[in-house]
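Chain and residue survey
The chain contents come next:
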Amino acid sequence: MDLAAYFERIGFEGEARVDAQTLAALHRAHLLAIPYENLDVQLRRPVTIEPEAAFEKIVRRRRGGWCYEMNGLFGLALETIGFQVTRLAGGVVRSAMGDQMVGNHLVLQVDLDRPWIADVGFGDGVFEPFPLQEGPVRTAGFEYRMEQLDDGWWRFHNHQLGGAPNFDFQLAPADPALLARQCEWLQTSPQSPFVLNATAQRHRPGEILVLRGRTLKRVRPEGFEDHLVGSADEFVDILAREFDLDLPEAADLWPRIAARHDELFAAPV
């Protein structure tokens with residue numbers, strides 16, 4: 001792990017101490033600099049759970065990534081600094097789909113004076129880490145909530161304008177084999193939302209940008225604005241201009257993106 005290169009990538013210039021202030025500063029800087037995105041999945045390029053691969057992609061090649069890459073890289077950076085980090089297996093929409101969803105999200109527990117949850121890999125999730133406790137979680141004007149369930153489960157509730165409504169997790173260290181299986185399924189199954197839908201998401205001061213298929217949404221605590229992307233050229237331009245992603249080959253995705261949009265939003269017969 002080349003910390004200097006990572007710090008340059010996220011624009012962090014402070015002194016990296018093992019404390020809550022540094023954890024929060026790194027969390028914010030990471031999210032402001034690096035977009036959440038699944039475009040390698042869309043381009044049928046294999047993705048792994050290995051943090052070293054995430055470092056090469058996100059830091060060296062200045063790309064973004066999804067949860068396994070974003071939290072994998074962030075966890076590796078924290079451990080290199082000296083933080084105690086535990087990787088947890090999250091289950092997005094386990095509330096509706098059951099335990100088969102466990103491992104489709106990677107979450108980080110960071111132990112300081114008490115356990116903290118850090119998550120730079122949930123797209124439109126929290127801007128800052130937060131203590132592991134029940135109750136409201138407020139960051140950057142958005143309101144989230146933590147709920148303690150039975151049998152050692154916790155549930156994170158997304159903000160009211162968010163995409164995925166929640167994810168569950170337990171505090172036992174994640175089984176890497178489970179994460180790897182879910183990572184493989186999410187990038188190869190025709191039923192996977194990441195195979196079906198192209199997305200890029202990014203935190204900005206005062207808002208969260210969400211590009212999903214042909215729709216660019218600017219989400220703010222008080223509401224959102226939608227813009228319908230009109231062409232492959234505009235799609236590539238938005239990736240570059242709004243998400244700092246230089247991916248001209250993403251134009252090849254446009255026919256599938258347009259077809260998926262028509263499938264989801266076709267007028268009823």
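The rules behind these values
Residues numbered from 1 in each chain as written. Predicted model: local features only at pLDDT ≥ 70, side-chain atom pairs only at ≥ 80, totals over all residues. Heavy atoms only, no water. Helix = DSSP H or I, 4+ residues; strand = E, 2+ residues; numbered from the N terminus. Rg over C-alpha atoms; globule rule 2.2 N^0.38 Å. Buried < 20%, exposed > 50% of the residue type's maximum accessible area, 1.4 Å probe, protein only. Pairing = 2+ DSSP bridges. Contact = heavy atoms within 4.5 Å. Axes fitted to C-alpha atoms, helices over the stretch in contact; angles between N-to-C directions. Disulfide = S-S within 2.5 Å. Nonpolar A, V, L, I, M, F, W, Y, C, P; charged D, E, K, R; others polar. Phe/Tyr/Trp six-rings, centres within 6.5 Å; stacked < 30°, edge-to-face > 60°. Lys NZ or Arg CZ within 6 Å of the ring centre and 35° of its normal. Salt bridge = Lys/Arg side-chain N within 4 Å of Asp/Glu carboxyl O. Parallel < 35°, antiparallel > 145°, perpendicular 65-115°, else oblique.

1. Here we look at the overall build of the chain
Looking only at helices and strands, one finds ten helices and 13 strands in the chain. Here the C-alpha atoms of the chain give a radius of gyration of 18 Å, agreeing with the 18 Å that 2.2 N^0.38 yields for 269 residues. Considered along the principal axes of its C-alpha atoms, the chain spans approximately 55 × 40 × 40 Å. The proportion of buried residues among the 269 residues of the chain is 55%.

2. Side note on the sheet that holds strand β11 (residues 207–212)
Reading across the sheet, the five strands line up as β1-β10-β11-β12-β13 and stay open at both edges, with antiparallel pairing between neighbours. Lying at the two open borders of the sheet, with one neighbouring strand each, are β1 (36–37) and β13 (223–228). Pairing between β1 and strand β10 (residues 199–204): two bridges, direction antiparallel. Along β10, the bridge assignment pairs Y36 with Q201. Where helix α9 (residues 232–243) meets the sheet, it contacts β10, β11, β12 (215–220) and β13, and its direction lies at approximately 30 degrees from that of β10.

3. Some remarks on the state of the cysteines
Enumeration over the complete set of coordinates arrives at zero disulfides. In this structure C67 is not part of a disulfide, and its nearest cysteine sulfur, from C183, lies 7.8 Å away. C67 gets classed as buried once you look at its relative accessible area, which sits at 4%.

4. Some remarks on the packing of helix α1 (residues 3–10) against helix α2 (residues 20–33)
Two quantities define a packed helix pair, namely the angle between the helix axes and the distance between the axes. Look at α1 against α2: their axes get within 8 Å of each other, and the N-to-C directions meet at 65 degrees. Judged by residue contacts, Y6, F7, R9 and I10 of α1 engage L26, A29, H30 and A33 from α2. Partitioned by chemical class, the residues of the contact of α1 with α2 number six nonpolar, one polar and one charged.

5. A few points about the packing of aromatic side chains
Applying the stated criterion across every chain, the model contains eleven aromatic pairs. Each ring, one from W66 and one from Y68, has its centre 5.6 Å from the other, and the planes form 80 degrees; the classification is edge-to-face. By relative accessible area, which is 1% here, W66 ends up buried. Residue classification places Y68 among the buried residues on the basis of a relative accessible area of 1%. Each ring, one from W66 and one from F194, has its centre 5.0 Å from the other, and the planes form 90 degrees; the classification is edge-to-face. Placement of the pair is W66 in the loop between α4 (51–60) and α5 (67–81) and F194 in helix α8 (residues 193–196), with a sequence separation of 128 residues. In textbook terms, an aromatic cluster arises when at least three aromatic residues are bridged by ring pairs, as seen for F122, F130, Y144, F156, F167 and F169. Sitting over the ring of W153, R94 keeps its end group 3.7 Å from the ring centre. The aromatic ring of F224 is capped on one face by K217, whose charged end is 4.5 Å from the ring centroid.

6. Section: α4
Think of an α-helix as turning once every 3.6 residues; residues three or four places apart then point the same way. If you check which residues of α4 are buried, you get P51, A54, F55, K57, I58 and V59. Elements that come into contact with the buried residues of α4 comprise α1, α3 (39–42) and α5.

7. Digging into the environment of D40
By secondary structure assignment, the location of D40 is in helix α3. D40 sits 207 residues away from L247 along the chain, and the two C-alpha atoms are 10 Å apart. Apart from residues no more than four positions distant in its own chain, D40 is found in contact with R45, V47, K57 and R63.

8. Focus: the pattern of salt bridges
Throughout the structure, instances matching the rule amount to 25 salt bridges. Across the pair R220 and E207 runs a salt bridge, and its minimum N-O distance is 3.0 Å. Separated by 13 residues along the polypeptide, R220 in strand β12 and E207 in strand β11 bring together distant segments of the chain. Between R241 and E242 there is a salt bridge whose closest N-O contact spans 3.1 Å. For R241, a relative accessible area of 46% puts it in the partly exposed group. The network of salt bridges with common partners includes R204, E207, R218, R220, E225, D237, R241 and E242.

9. Examining the packing of α4 against α5
One can describe the packing of α4 onto α5 by two numbers: an axis separation of 8 Å at closest approach and a directional angle of 100 degrees. Put simply, α4 runs roughly perpendicular to α5. Side by side, α4 and α5 meet where P51, A54, F55, K57, I58 and V59 of the first sit next to E69, M70, G72, L73 and L76 of the second.

10. Looking at the sheet that holds strand β5 (residues 130–131)
Read across the sheet, eight strands follow the order β5-β4-β3-β2-β9-β8-β7-β6 without closing on themselves; strand pairing throughout is antiparallel. Edge positions in the open sheet fall to β5 and β6 (135–139), since each of these has one partner strand only. Across four bridges, strand β7 (residues 142–148) lies against strand β8 (residues 154–157) in antiparallel orientation. Directly across from M146, in β8, lies its bridge partner F156.

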